[in-house]
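# Analysis of the macromolecular model
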Amino acid sequence: MKNEMYDFALEIAKIAGKMSIDLRKEPLKLETKRSHADLVTFIDKEVEQFLVNKILERYPQHGILGEEGTFKESYKNFETVWIIDPIDGTTNFVHQQQHYAISIAIAKNGIGIFGVVYDPIKDELFYAGKDDGAYLNGNKIILDDKKTIRESVISTCMFWEDPNTKENLSKTIIGLARDSRGIRMMSSAALDMCYVAIGRLDAYINPRLQAWDFSAAKIILEEAEGFVRDHKANIINTMEGSSMIACNPSIYEELLNYF
Ligand code: 2AM
Ligand code: CA
């Protein structure tokens, strides 16, 4: 895969990851967003600012959709849009846990063309270009093992504000906890979806994500021949928030019975 824009995305994802580790050594100034559990730190903001500056310096004609809203113009005015999550798994990051990632996707006319998810702690770089295959640290990844729910480990995050869906989701989770090998709550959508792509997990389920949580991982998982749908089995728009069923294709039909 030779493309200078993709190489650039990999390079800034790695620098941003290193920044997150260095800045974490300073005392955290914690703020909340929509609720007491929706956290943001100066590190999320600084890393996003770094990414936005780098991208615009190199590609002033591109738009940016970022979790912290650093880029002020509407991404809808641009043909090429970078979708960035400076820290996916902020709660883990704040609580000194090691499972978080920098997520960067590139979309052209609303279609995801490249995604990178970088775990700076494990130094694992997941990436994929559309129709170019998916890679972990330069090695091609392909999801070719066949599973059943009984053989699966499934990750989820159970928060959601709509009580009806909460009820439905708990039914889903109770059913899957009973029938699968186990449920995990690892709390980085981007990284968990990449874990599905390499078979560390068999599914990732979330009732509501924002575009920046999943856009990069969606390309990676799809290029690894994994499945990405919403909870009503619809195809997901890369640019918009959605519920998420990301899974090994061999368990998809069985998984739908739980929704
Ligand atoms: P974040 O860490 O960037 O906020 C948590 O299991 C996963 O869901 C993370 O990827 C988290 O992204 C995402 N998420 C999306 N909306 C969220 C919210 N309102 N509260 C907590 N996590 C949220
Ligand atoms: Ca996120």
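Everything below is about the structure printed above this text.
Below is a short write-up of the structure. Worth saying up front: this structure is predicted, and the values here are computed from it rather than measured. (Residues numbered from 1 in each chain as written. Chains lettered and ligands numbered in written order. Predicted model: local features only at pLDDT ≥ 70, side-chain atom pairs only at ≥ 80, totals over all residues. Heavy atoms only, no water.)

## Quick word on unusual backbone geometry
Basically, it comes down to this: In DSSP terms, a helix is any run of H or I states spanning at least four residues, a strand is any run of E spanning at least two, and both are numbered starting from the N terminus.
Although it is not a glycine, Asn109 sits at a positive phi angle of roughly 50°. For Asn109, the location among the structural elements is in the loop between β5 (101-108) and β6 (111-119). Positive phi, normally seen in glycine, also occurs at Ser187, with a value near 75°. If you trace the backbone, Ser187 turns up in the loop between β11 (182-184) and α5 (189-197).

## Points about the site of ligand 1
Counted only if it meets this: For this purpose, a residue is taken to be near a molecule or strand whenever a single non-hydrogen atom of the residue falls within 4 Å of it. In protein, a polar contact means a hydrogen-donor-capable atom and an acceptor-capable atom, both N or O and within 3.5 Å, with residues adjacent in sequence counting only if both atoms are side-chain atoms; elsewhere, any N or O pair within 3.5 Å suffices. Areas reported here follow the Shrake-Rupley algorithm with a probe of radius 1.4 Å; residue values treat only the protein chains shown as occluding. The pocket and cavity definitions rest on a 1 Å grid over protein atoms only: a 1.4 Å probe that fits but cannot leave marks a cavity, an open set with protein on both sides within 12 Å along at least five of seven lines marks a pocket, and residues lining either have an atom within 4 Å of a point. The way we define it, a molecule is inside a pocket or cavity when more than half of its atoms are within 2 Å of that pocket's grid points.
Around ligand 1 sit 14 residues in total, of which Asp88, Gly89, Thr90, Cys157 and Ala189 are the nearest. In this structure, Glu67 approaches ligand 1 through a side-chain N or O atom, which is 2.9 Å from an oxygen atom. Here an oxygen atom of ligand 1 and a side-chain polar atom of Asp88 are 2.7 Å apart. In isolation ligand 1 exposes 480 Å². Once the protein is present, 89% of that is buried. Under a 2 Å grid-point criterion requiring more than half of the atoms, the pocket assigned to ligand 1 is the largest pocket. Put simply, the parts of the chain that give the shell around ligand 1 at least two residues each are β4 (80-88) and β12 (203-209). Looking at the shell around ligand 1 element by element, the count peaks at three residues for β4.

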